[in-house]
Amino acid sequence: MVELARGSGWRLGRRRIKAKRLRIIERCKAEGMSNREIARCLGVTENAIRKLVGPEDPPIQEVIPLTLSAAPSPEEEKEPPPMQTEPAAQKMASHEEPTLMSLDVDPLDRSFDRLLACFGLIDDAVPLFADSADVPCAGVLLAVPLLVHSGIFGLARKLYGSIGPAFYGLRTTLLVLMLMALLRVKRPEWLKKREPESMGRLLGLDRVPEMKTLRRKLARLAACHRAEQLGAELARRRVEQRGQTMGFLYVDGHVRVYHGKRSLPKAHVARMRLSLPATTDYWINDQAGDPLFVITAKANAGLVKMLPRVTREIRDLVGDRRVTMVFDRGGWSPKLFKKLIEDGFDVLTYRKGKCRRVSEQRFVKRRARLDGRWVSYQLHDQPVRFLKGTLRLRQVTRLSDDGHQTQVVTSRWDLRDIEVAYRMFERWRQENFFKYMREEYLLDALIDYQVEPDDPTRTVPNPERKELDKQIRMARTDVTKLEQAYGAAAHDNPEEQRPTMRGFKIAHGKIGKQLRVARERLADLVAKRRSLSVRVQIRDVSEDAVIKLATERKHLSDILKMVAYQAESDLLSLLHPHYARANEEGRTLLHEIFASQGGLEVVGDELRVTLSPLSSPHRTLAANALCEHLNQTQTTFPGTSLWLHFVVQPPRVRGMAFPGPRPLPPSDRTD
């Protein structure tokens, strides 16, 4: 193997010429220029051009393909293939990843596959699992069936194809990044704190890719500029799977503060009560609070400007179905409400601005059971009109215990008033989602430091007018002070000595002259401001502001974290019937399961994952019930034909008997 490996030095086939010159070479070859002429124009040797484009008349060579499987014997060719059982056929139908072959025998030594990847003969390493005991974080494999069910591997292969010959290909890269998110490895640099060999066993590899390798893969995926399309396809698949939760969609913007040296537009950060350089992402969550898709706003555009684009994306996803859009006061605009209603959407939001208070005697106490829990409010329901009476909406007002009144405006007349209030106040699920993603998934992390050109024709407020506004405010203050002094002097004027106005002006000529000068200066500033345009193009203000942070890599990273969060939420829904405190401690229990160690064993066509008991017997029983649910999905590990089978070792408590893992029924087993 050492003799087959390549020697040190510049790798054969590696480009030494920049991409800009490569485009020049391609254009020259298309025009019919020879290699010698191109080399003379670029100032390089002819041999360098020949290495890139090849000889002018390449000889025809016979290509001998690499055979990765043994040829069948004549007896095997005569025998027809055995019939597949129904469960096996179902599993093969649900298996999206093509099964590949590997030339390595030892799962802990993948040197031959690495050599093939080095020669460009494979695009992704085949997972090979070794029988291991006490593998750290083996519980995170429970999320693999949900990740496969999301369809991200098939959609990514459809959009990206391949990321080139590599040992860590597209499937492995995506799986590593999503498992990192579930294990709270929030940055690629944090992989240095993990043992590469033990984490690689979870993937069926000898070791996990290093930090620089992952960053290189992300950069290669971002170069395809298909993250937005991937997010749209994942959202469309999510709508097909969970269409019943798409009746109410919550829209809110999340501001990611930027602390670098670049010049970025500022946005108001509500949690910090400051305006800071930032980037605004608008997330759309379903009725259960789970994310559906995300859109990055240009130059921190407000919710009023972004809602038309959001509704267009939603219309492409849900079709002609009528959806209720729920958002906060940032999207308050009666003109926008009228347009959304005409487009087939309903609105539900807080009322912005001052309005008449409702008498407390008119409120009625409402109580109902919604989404499995009891809620009660003091409510008042009334119709309201906007846009000079052309827009008629419904206003539901809630009275708090401290006397505060909250007005909710909606176009839904068919709902009960308590359900209108409940759906509006459930918007806090999205706020809790942002907080959870910031703390657990590091949603605000800066993935790279790259920048890309911004729209130079984008308009911004004229900075000269801003400076003039400041000067006008100061000039008006000076005029007001002088007028007050002049008026005080007129009030205290002794009429016996100066009975006429002329005498008063002569006596107070100094103040009068200062007042005239201040008024003339104020009039000049107002005239100068009137001559300036309100908004100007960004290229006329500053060249540094014609750039923005690269969004492709960040968008792709957010999509992978979103898929990981969706898998965690789906596991939580499966855990609810078996854990009494699932609402309070469900995600904490899932974190414990993900971090638990376990054993890996390949038995026939099954990959058995045996987890260690958890911290308490009732948690172990809940995890065991979760494993039974996942075993019924009959999911194969991505890139293999091994079915995932999960069990949890029963807790060892003296004097108490706990049921062990249930065996699979005979119909689900294959020989």
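Residues numbered from 1 in each chain as written. Predicted model: local features only at pLDDT ≥ 70, side-chain atom pairs only at ≥ 80, totals over all residues. Heavy atoms only, no water.

Enquirer: How would you summarise the packing of helix H9 (residues 170-182) against helix H11 (residues 211-222) if you had to cite specific residues and measurements?
Expert: H11 packs onto H9 with a crossing angle of 115° between their chain directions and a minimal axis gap of 11 Å. Classed by the angle they form, the pair H9 and H11 counts as roughly perpendicular. Along this stretch, H9 crosses H11, giving a crossing that reads as left-handed. Touching Leu170, Thr173, Leu174, Val176, Leu177 and Met180 of H9 are Leu214, Lys217, Leu218 and Leu221, all from H11. Partitioned by chemical class, the residues of the contact of H9 with H11 number 8 nonpolar, 1 polar and 1 charged. (Axes fitted to C-alpha atoms, helices over the stretch in contact; angles between N-to-C directions. Helix = DSSP H or I, 4+ residues; strand = E, 2+ residues; numbered from the N terminus. Parallel < 35°, antiparallel > 145°, perpendicular 65-115°, else oblique. Left-handed = near helix turned anticlockwise from the far one by under 90°. Contact = heavy atoms within 4.5 Å. Nonpolar A, V, L, I, M, F, W, Y, C, P; charged D, E, K, R; others polar.)

Enquirer: A description of the packing of helix H20 (residues 552-575) against helix H22 (residues 617-632) should follow, citing residues and the corresponding values.
Expert: Two elements in contact, H20 and H22, have axes whose closest approach is 9 Å; the angle formed by their N-to-C orientations is 110°. The angle between H20 and H22 falls in the class roughly perpendicular. In this structure, H20 crosses over H22, and the sense of that crossing is right-handed. Every residue of H22 that contacts H20 at Leu571, Leu574 and Leu575 is listed here: Ala622, Leu626, His629 and Leu630.

Enquirer: Which residues make up the nonpolar core, and what are the values?
Expert: Core analysis: the largest hydrophobic core is formed by 89 residues, its most contacted members being Tyr160 and Ile593. Per element, the largest residue contribution to this core is 11 residues, and it comes from H20. Ignoring any residue separated from it by four or fewer positions in sequence, one finds Tyr160 in contact with Leu170, Leu221, Cys224, Arg226, Ala227, Leu230 and Leu556. Tyr282, Ile295, Val318 and Met325 belong to the second largest nonpolar core, which has 33 residues in total. (Core = buried A, V, L, I, M, F, W, Y, C linked by side-chain atoms within 4.5 Å. Buried < 20%, exposed > 50% of the residue type's maximum accessible area, 1.4 Å probe, protein only.)

Enquirer: With reference to specific residues and values, describe the sheet that holds strand E18 (residues 643-648).
Expert: One open sheet accounts for 4 strands, arranged E1-E16-E17-E18; its pairing is mixed. The open sheet is flanked by strand E1 (132-135) and E18, the only strands paired with a single partner. The mean inter-strand angle of the sheet, taken between neighbouring strand axes irrespective of direction, is 25°. In this sheet, strand E16 (residues 598-603) lies alongside E1 in antiparallel orientation, the contact comprising 2 bridges. Looking at E16, one finds that Ser132 is bridged to Leu600. (Pairing = 2+ DSSP bridges.)

Enquirer: Describe the packing of aromatic side chains, and please don't skip the residues or the numbers.
Expert: In total, this model carries 14 aromatic pairs according to the counting rule given. Taken together, a centroid distance of 4.9 Å and an interplanar angle of 85° make the contact between Phe129 and Phe637 edge-to-face. Of the two residues, Phe129 is situated in the loop between helix H6 (111-118) and E1 and Phe637 in the loop between H22 and E18; the sequence distance between them amounts to 508 residues. By relative accessible area, which is 9% here, Phe129 ends up buried. Ring-pair connections join several aromatic residues into one group, and the members of that group are Trp283, Phe433, Phe434, Tyr436, Tyr441 and Tyr565. The ring of Phe167 has Arg114 lying over it, and the distance from NZ or CZ to the ring centre is 4.1 Å. Here Arg367 stacks its cationic end above the ring of Trp374, 4.3 Å away from the centre of that ring. (Phe/Tyr/Trp six-rings, centres within 6.5 Å; stacked < 30°, edge-to-face > 60°. Lys NZ or Arg CZ within 6 Å of the ring centre and 35° of its normal.)

Enquirer: A description of the environment of Thr459 should follow, citing residues and the corresponding values.
Expert: With respect to the secondary-structure elements, Thr459 resides in strand E13 (residues 459-461). Sequence-wise, Thr459 and Gln537 are 78 residues apart; in three dimensions their C-alpha atoms are separated by 4.3 Å. With residues near it in sequence (within four places) discarded, Thr459 still touches Arg535, Val536 and Gln537.

Enquirer: Describe the pattern of salt bridges, and please don't skip the residues or the numbers.
Expert: Per the stated rule, a full pass over the model turns up 40 salt bridges. Among the salt bridges present, the one from Asp206 reaches Arg114, with a minimum N-O distance of 2.9 Å. Placement of the pair is Asp206 in the loop between helix H10 (196-201) and H11 and Arg114 in helix H6, with a sequence separation of 92 residues. The class of Asp206 is buried, set by a relative accessible area of 15%. For Lys554, the salt bridge identified is with Asp558, shortest N-O distance 3.4 Å. In this pair, Lys554 and Asp558 are both assigned in helix H20, 4 residues apart and thus about one turn of the helix distant. Residue Asp558 is classed as buried on the basis of its relative accessible area of 2%. (Salt bridge = Lys/Arg side-chain N within 4 Å of Asp/Glu carboxyl O.)

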